[in-house]
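Below are the chains, spelled out letter by letter.
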Amino acid sequence: MSFTLTQHTDAPIIVNHLHADYTMAEFDPANQKAGALLDKVTEPHYYIVIFDFTLTLEELLEGASGLARSENSLWHHPNIKQVIMVTDNDLFRLSAKGMHSDVFGNLDIAVFSTLEDALAYTRVHTAN
């Protein structure tokens, strides 16, 4: 598989790293594994997704719809405190802003360029 799902043991953080060879064919398996992990946790977690791959605009719209608008929307899972994207891709950054609309359930997605910055953000907010 071209994704790595990691649960931190020292803080309520789950990281889903979508590697450069990730394709939309892995969309359902990756989200099913993440959903199963979220079902098992006992408190809301920050869900960090590292996007190291590229998509077409059509694939991006399909993925966004599946993540935020489907019947079992992963990004609206009750054990997600906040979705955080790690990417330098302008299209992904723009999609994060677009998901903060009624159509996508008003997701408030934080976006960072590095995992280190994303983790620092979660640790500051977890301490409060």
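Preceding this paragraph is the structure being described.
Read on for an overview of the structure. Just so you know, these numbers come straight off a predicted model, no measurement behind them.

So, about the nonpolar core. With 28 residues, the main nonpolar core has Tyr-47, Phe-51, Trp-75 and Ile-109 as its most contacted residues. Those elements that provide at least two residues to this core are β2 (13–18), α1 (27–40), β3 (45–51), β4 (80–86) and α3 (90–98). The element that contributes the greatest number of residues to this core is α1, accounting for 5 residues. Discounting chain neighbours no more than four positions away, the residues touching Tyr-47 are Ile-14, Asn-16, Ala-34, Leu-74, Trp-75, Ile-80, Gln-82, Val-83 and Ile-84. Among the nonpolar cores identified, the runner-up in size contains 12 residues, and Ile-50, Ile-84, Val-86 and Ala-118 belong to it.

Listed in full, the buried residues belonging to α3 are Phe-92, Ser-95 and Ala-96. One side of α3 carries all its buried residues, which in axial view fall inside an arc of 105°. Exposed and facing more than 90 degrees away from the buried side of α3 are Asp-90, Leu-94 and Lys-97. Sitting at the amino-terminal end of α3 is Asn-89, which places a side-chain oxygen 2.8 Å from the backbone nitrogen of Leu-91.

What follows concerns the environment of Ile-109. Topologically, Ile-109 is positioned in the loop between α3 and β5 (110–112). Placed 25 residues apart in sequence, Ile-109 and Ile-84 show a C-alpha to C-alpha distance of 5.5 Å. Each residue touching Ile-109, except ones within four places of it in the same chain, is listed here: Trp-75, Gln-82, Val-83, Met-85, Ala-96 and Met-99.

Within β4, 6 of the 7 residues are buried, leaving the element largely enclosed by the surrounding structure. Of the pairings in the sheet, the one linking β3 to β4 comprises 6 bridges and is parallel in character. Residue pairing across strands places Ile-50 opposite Val-86, the latter belonging to β4. For β4 and β5, the ladder comprises 3 bridges, and the chain directions are parallel. Bridge pairing links Ile-84 to Ala-110 in β5. Handedness of the β-α-β unit built from β4, α3 and β5 comes out right-handed.

Conventions and cut-offs
- Residues numbered from 1 in each chain as written.
- Predicted model: local features only at pLDDT ≥ 70, side-chain atom pairs only at ≥ 80, totals over all residues.
- Heavy atoms only, no water.
- Core = buried A, V, L, I, M, F, W, Y, C linked by side-chain atoms within 4.5 Å.
- Buried < 20%, exposed > 50% of the residue type's maximum accessible area, 1.4 Å probe, protein only.
- Helix = DSSP H or I, 4+ residues; strand = E, 2+ residues; numbered from the N terminus.
- Contact = heavy atoms within 4.5 Å.
- Arc of directions from axis to C-beta.
- Polar contact = N/O pair within 3.5 Å; in protein donor to acceptor, adjacent residues only side chain to side chain.
- Pairing = 2+ DSSP bridges.
- Right-handed = clockwise from strand over helix to strand, strands pointing away.

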